[in-house]
Amino acid sequence: MNQPQHKSKHRTAVWLYPETIIKMDSMIETGNTKSRSEFIEKALQFYMEYLTSENTSEYLPKVLVSAIQGILRETENRNSSNLFRLSVEMSMMMNILAAGLEISDEDLRKLRGRCVNEVKKTKGKISIGNAVKFQQGIDE
């Protein structure tokens, strides 16, 4: 926020409720100000900048953007880590199954196509029950 480049300040009367003064006094240090006057000046500058911004929805996110970005980064890292772990487990499972099964390349290709279609159709909500029925020849 830009402070006006005035050489002198003007005195004005401000009427505040006692509880507002108590709350302001408790926040003077937190607000990185040295006096009530400086606190009020900063608060007014902030509020006036908010009111005069053409799109107020653009102004407030500037205050929150770093917190939101941090939350998104944390979520992305957690999801990436979970997907990596899941991929390792699936790779292990596929290698164990491949070691014990004899399946032709053609059957594997057909199964992959069927699985892709099933995942698309169910939006990823697949079940072992459906797979067992398919393997038993009971196609729904």
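Data block above holds the structure.
Residues numbered from 1 in each chain as written. Predicted model: local features only at pLDDT ≥ 70, side-chain atom pairs only at ≥ 80, totals over all residues. Heavy atoms only, no water.

S.K.: Let's hear about the overall build of the chain: which residues, and what values?
M.R.: Helix and strand counts for the chain stand at 5 helices and 0 strands. For the chain, the succession of helices and strands along the chain, N to C, is α-α-α-α-α. Contacts in the chain between residues far apart in sequence, at least 24 positions, make up 31% of those at least 6 positions apart. Element-wise, carbon and sulfur atoms account for 59% of the exposed surface of the chain, whose accessible area totals about 13,100 Å². (Helix = DSSP H or I, 4+ residues; strand = E, 2+ residues; numbered from the N terminus. Contact = heavy atoms within 4.5 Å. Areas by Shrake-Rupley, 256 points an atom, 1.4 Å probe, with all protein chains shown as cover.)

S.K.: I'd like a rundown of the pattern of salt bridges, residues and numbers included.
M.R.: The tally for this structure, following the rule as stated, stands at 4 salt bridges. Taking the shortest distance from any N to any O, the salt bridge between Asp 25 and Arg 36 comes out at 2.7 Å. Placement of the pair is Asp 25 in helix α1 (residues 18–27) and Arg 36 in helix α2 (residues 36–52), with a sequence separation of 11 residues. By relative accessible area, Asp 25 is classed as partly exposed at 33%. Owing to a relative accessible area of 42%, Arg 36 belongs among the partly exposed residues under this scheme. (Salt bridge = Lys/Arg side-chain N within 4 Å of Asp/Glu carboxyl O. Buried < 20%, exposed > 50% of the residue type's maximum accessible area, 1.4 Å probe, protein only.)

S.K.: Report on the layout of surface pockets, specifying residues and quantitative values.
M.R.: One number sums up the size of the largest pocket: a volume of about 1,100 Å³. Lining the largest pocket are 21 residues, and of these Met 93, Met 94, Leu 97, Leu 111 and Cys 115 sit closest to its centre. For the lining of the largest pocket, the secondary structure elements donating two or more residues are α3 (56–100), α4 (105–122) and α5 (128–135). Per-element tally for the lining of the largest pocket: the top contributor is α4, with 8 residues. (1 Å grid on protein atoms, 1.4 Å probe; cavity = no way out; pocket = protein on both sides within 12 Å on 5 of 7 lines; lining within 4 Å. Points joined across faces, edges and corners; volume = space filled by probe spheres on them.)

S.K.: Give a detailed account of the environment of Asp 25, specifying residues and quantitative values.
M.R.: Each C-alpha atom of the pair Asp 25 and Arg 36 lies 7.0 Å from the other, and the pair is 11 residues apart in sequence. Among the polar contacts listed, one links the side chain of Asp 25 to the side chain of Arg 36, at a separation of 2.7 Å. (Polar contact = N/O pair within 3.5 Å; in protein donor to acceptor, adjacent residues only side chain to side chain.)

S.K.: Could you give an account of α4, naming the residues involved and the relevant values?
M.R.: Side chains three or four residues apart in an α-helix point the same way, a direct result of the helix having 3.6 residues per turn. The terminal C-alpha atoms of α4 lie 26 Å apart, and with 18 residues this matches the ideal 26 Å at 1.5 Å per residue to within 8%. Positive backbone phi, at 55°, marks Lys 123, one or two positions downstream of α4. (Expected span 1.5 Å × (residues − 1).)

S.K.: For a nonpolar patch on the surface, give the residues involved together with the corresponding values.
M.R.: Taken together, the side chains of Leu 83, Leu 86, Met 90, Met 93, Met 94, Leu 97 and Leu 101 present a nonpolar region at the surface, about 700 Å² in accessible area. Mapping Met 93 onto the fold places it in helix α3. For Met 93, a relative accessible area of 45% gives the class partly exposed. (Patch = residues over 30% accessible without salt bridge, like charges linked within 9 Å, V, L, I, M, F, W, Y side chains within 5 Å.)

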